[in-house]
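Structural description and commentary
Here's the letter readout for the chains.
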Amino acid sequence: MHNPEKKSGLIKSSEITDRDIFRNRRAIIKASMALGGGAIAAGSIAGGLAMANTETGAGGDNGFQATDELTAKETATSYNNFYELGTDKGDPLRYANRLVTEPWSVVIDGECDKPGTYTLEDILKPHPTEERIYRLRCVEAWSMVIPWNGFSLADLLKRFEPRSTAKYVAFETILDPDRLPGQRSRVLDWPYREGLRMDEAMHPLTMIATGMYGETIPNQNGAPLRLVVPWKYGYKSIKSIVRISFTETQPPTSWNMSAPHEYGFFSNVNPGVSHPRWSQAKERRLAGKTKGVSSLFAPKIETQLLNGYADQVASLYEGMDLKKFY
Ligand SMILES: Nc1nc2c(c(=O)[nH]1)N[C@H]1C(S)=C(S)[C@@H](COP(=O)(O)O)O[C@H]1N2
Ligand SMILES: [Mo]
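Residues numbered from 1 in each chain as written. Chains lettered and ligands numbered in written order. Predicted model: local features only at pLDDT ≥ 70, side-chain atom pairs only at ≥ 80, totals over all residues. Heavy atoms only, no water.

Comments concerning the overall build of the chain
The condition that has to hold: We count a stretch as a helix when DSSP gives it H or I for four or more residues in a row; a strand needs E for two or more, and each element gets its number in order from the N terminus. Contacts were defined at the residue level, with two residues in contact if any of their heavy atoms lie within 4.5 Å. Residue-level accessible areas treat just the shown protein chains as cover; the underlying method is Shrake-Rupley with a 1.4 Å probe.
The helix and strand inventory of the chain stands at nine helices and twelve strands. Long-range contacts, defined here as pairs at least 24 residues apart, represent 72% of the contacts in the chain between residues at least 6 apart. Carbon and sulfur atoms provide 53% of the accessible area of the chain, an area that totals close to 14,400 Å².

See the structure below:
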């Protein structure tokens, strides 16, 4: 992957959405409650909490509703990594229509009792979607905050009745070199592959996204369905999935195959472990108000262990050496 200090890309102008206003309001409410609640009229506190409740089902954060300022939709849909469509940050949007998402089906195979080829409709039908606001931390040391629409991967996987021999889950992206311009280059060994340990795949934070910002997910962000694993570097969140396999052994993954000394299987966000070519201690946050600048000029913030999801997922890695944890 690129050295983040060398590579830059243009960010399109952003606009303030209703959501930004709502989120700012919630942040103000939170702050005022921390101070004793005196500063805000009772009506607006009640209104804010009611809105939070309909969104989270619980009114709490629990990792599902990051309170960071949202990245503008225009940025999250125009500054992308999707190497099948090209390696420049603008290529995925530029070539988005080369990805044909209809018809779409997903092959389910390996260690499960309900393997088969499922149409997109079969896959999605039983799953109501909800909104989750997650931080996305790219290994290149930039990050965004994105409202995804989707559902827990666990709910999907359970339908295929994985066997006790299923220790890992492997994912593959569409292979279509005739149409996808990036797949004519050997930058990666296609198709793009990713994988999770079974307990990571079944963790409630791990989701399948079918939308973002309340709309159908755009092609450049991985239509029609992609993985989102918020505590891992962005490359684990594989786009445009066509195959899900239950495996007994750790599956090969694209970035690990391409540069094993730079990209591990776990790829857990860890500010204490540098990439061989750059530090991971900080990140450039592409926030809502970023306008007409490259990520190089976005504000630098501290990277958090497990991308700020340690309360939720650190127990998955008990006994792992934090100095080698990556
Ligand atoms: N199939 C596929 N999935 C992919 C990638 C890719 O090149 N191909 N890039 C990954 C990387 S490096 C990141 S940071 C995220 C970016 O997601 P976004 O463009 O929606 O922000 O997608 C990940 N998923
Ligand atoms: Mo990334």
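That shown, we press on.
Focus: the environment of Met 198
If you trace the backbone, Met 198 turns up in helix H7 (residues 198–201). Distance from Met 198 to Thr 247, taken between C-alpha atoms, is 9.2 Å for residues 49 residues apart in sequence. Discounting residues that sit within four places of it in the chain, Met 198 has contacts with Pro 162, Ala 166, Lys 167, Tyr 168, Val 169 and Phe 246.

Observations concerning the packing of aromatic side chains
The cut-off we apply is this: Aromatic rings from Phe, Tyr and Trp, taking only the six-membered ring of Trp, are treated as a pair when their centres fall within 6.5 Å; an angle between ring planes under 30 degrees marks them as stacked, one over 60 as edge-to-face, and anything in between as tilted. Think of it in three bands: with a 1.4 Å probe and only protein chains considered, a residue is buried below 20% of the maximum accessible area for its type, exposed above 50%, and partly exposed in between. The criterion for a charge sitting over a ring is simple: Lys NZ or Arg CZ within 6 Å of the ring centre, and within 35 degrees of the ring normal.
In the structure shown here, the tally under the stated rule is ten aromatic pairs. Measuring from ring centre to ring centre gives 5.6 Å for Phe 265 and Phe 266, while their planes differ by 80 degrees; the resulting arrangement is edge-to-face. By relative accessible area, Phe 265 is classed as buried at 6%. Phe 266 sits in the buried class, given a relative accessible area of 18%. Within the aromatic cluster, the residues linked to one another by ring pairs are Tyr 83, Tyr 235, Trp 255 and Tyr 263. Directly above the aromatic system of Tyr 309 lies the positively charged group of Arg 135, at a separation of 4.6 Å from the ring centroid. Looking at Lys 236, its charged tip hangs above the ring of Phe 265, at a distance of 4.2 Å from the centre.

So, the site of ligand 1
Cut-off, in case you're wondering: Throughout, near means a residue has at least one heavy atom within 4 Å of the molecule or strand. Polar contacts, as used here, are pairs of N or O atoms within 3.5 Å; protein pairs need one atom able to donate a hydrogen and one able to accept it. Residues neighboring in sequence count only if both atoms are side-chain atoms. Cavities and pockets are found on a 1 Å grid laid over the protein atoms alone: a cavity is a set of points where a 1.4 Å probe fits but cannot escape, a pocket is an open set with protein on both sides within 12 Å along at least five of seven lines, and a lining residue has an atom within 4 Å of such a point. Any molecule with more than half of its atoms within 2 Å of a cavity's or pocket's grid points is counted as sitting in it.
In the region of ligand 1, 17 residues are neighbours, and Asn 80, Tyr 83, Glu 84, Arg 226 and Lys 239 sit closest. At 2.7 Å, a backbone N or O of Tyr 83 approaches an oxygen atom of ligand 1. The backbone of Ser 237 places a nitrogen or oxygen atom 2.9 Å from a nitrogen atom of ligand 1. Within the complex, 99% of the 540 Å² of free accessible area of ligand 1 lies under protein. Cavity membership is defined here by more than half of the atoms lying within 2 Å of grid points; on that basis ligand 1 lies in the largest cavity.

Quick look at the pattern of salt bridges
Under the convention used in this document: Note on definitions: salt bridges are taken to be side-chain nitrogens of Lys or Arg within 4 Å of carboxyl oxygens of Asp or Glu.
Counted under the stated rule, the structure contains 20 salt bridges. Where Asp 155 meets Lys 158, a salt bridge forms, and the shortest distance between an N and an O atom there is 4.0 Å. Of this pair, Asp 155 and Lys 158 are both found in helix H6 (residues 153–158), three residues apart, which corresponds to roughly one turn of the helix. Its salt-bridge partner being Arg 197, residue Asp 199 comes within 2.8 Å of it at the nearest N-O pair. Exposure remark for Asp 199: the relative accessible area of 32% places this residue in the partly exposed category. The buried category is assigned to Arg 197, whose relative accessible area is 19%. One salt-bridge network, in which partners are shared between bridges, spans Asp 68, Arg 135, Arg 137, Glu 283 and Arg 285.

Some details on the pairing of strand E10 (residues 241–247)
The line we're drawing: The criterion for strand pairing is that DSSP finds at least two bridges linking the strands in question.
The buried fraction of E10 is high, at six of seven residues. Alignment of strand E1 (residues 105–110) against E10, held across four bridges, turns out to be parallel. Bridging from a neighbouring strand, Asp 109 pairs with Ser 245 of E10. When strand E5 (residues 168–173) meets E10, the two strands line up antiparallel, connected through six bridges. Across the sheet, residue Glu 172 finds its bridge partner in E10, namely Arg 243.

Considerations on empty space enclosed by the protein
One water molecule sets the probe size; rolling that probe over the atoms shows where empty space is left. Filter applied, for reference: Grid points are joined across faces, edges and corners, and a volume is the space filled by probe spheres set on the points.
Within this structure, the stated rule accounts for three cavities of 30 Å³ or more. Considered as a void within the structure, the largest cavity measures approximately 330 Å³ in volume. Lining the largest cavity are 24 residues, with Asn 81, Phe 82, Gly 234, Tyr 235 and Lys 239 positioned closest to its centre. Of the residues forming the lining of the largest cavity, the biggest block, four residues, is contributed by strand E4 (residues 142–152).

Digging into the side chain of Thr 247
Looking at the secondary structure, you find Thr 247 in strand E10. If near-sequence neighbours (up to four positions away) are discounted, Thr 247 is found in contact with Glu 111, Thr 165, Ala 166, Lys 167, Tyr 168 and Ala 170.

Remarks on the sheet that holds E5
Quick note on the threshold: Axis lines are fitted through C-alpha atoms, for helices just across the contact stretch, and the angle between N-to-C directions can take any value from 0 to 180 degrees.
If you trace the five strands from one edge of the open sheet to the other, you get E2-E1-E10-E5-E6, paired in mixed fashion. Looking at which strands have only one partner, the edges of the open sheet turn out to be strand E2 (116–119) and strand E6 (193–197). Geometrically, the sheet is characterised by an average inter-axis angle of 20 degrees between neighbouring strands, direction not taken into account. In this structure, E5 lies alongside E6, joined through five bridges in antiparallel fashion. Along E6, the bridge assignment pairs Glu 172 with Arg 193.

A closer look at the nonpolar core
Here is a general trend for soluble globular proteins: nonpolar side chains tend to be buried in one another's company. What counts here: Side-chain atoms within 4.5 Å are what join buried Ala, Val, Leu, Ile, Met, Phe, Trp, Tyr and Cys residues into a set we call a nonpolar core.
Core analysis: the biggest nonpolar cluster contains 76 residues, and Ile 108, Trp 148, Leu 153, Phe 171, Trp 231, Ile 244 and Phe 246 have the highest contact counts within it. Top element by residues in this core is E4. It accounts for five residues. Those residues in contact with Trp 148, other than ones at most four positions away along the chain, are Glu 130, Glu 131, Arg 132, Tyr 134, Met 207, Ala 209, Gly 211, Met 212, Ile 217, Arg 226 and Val 228.

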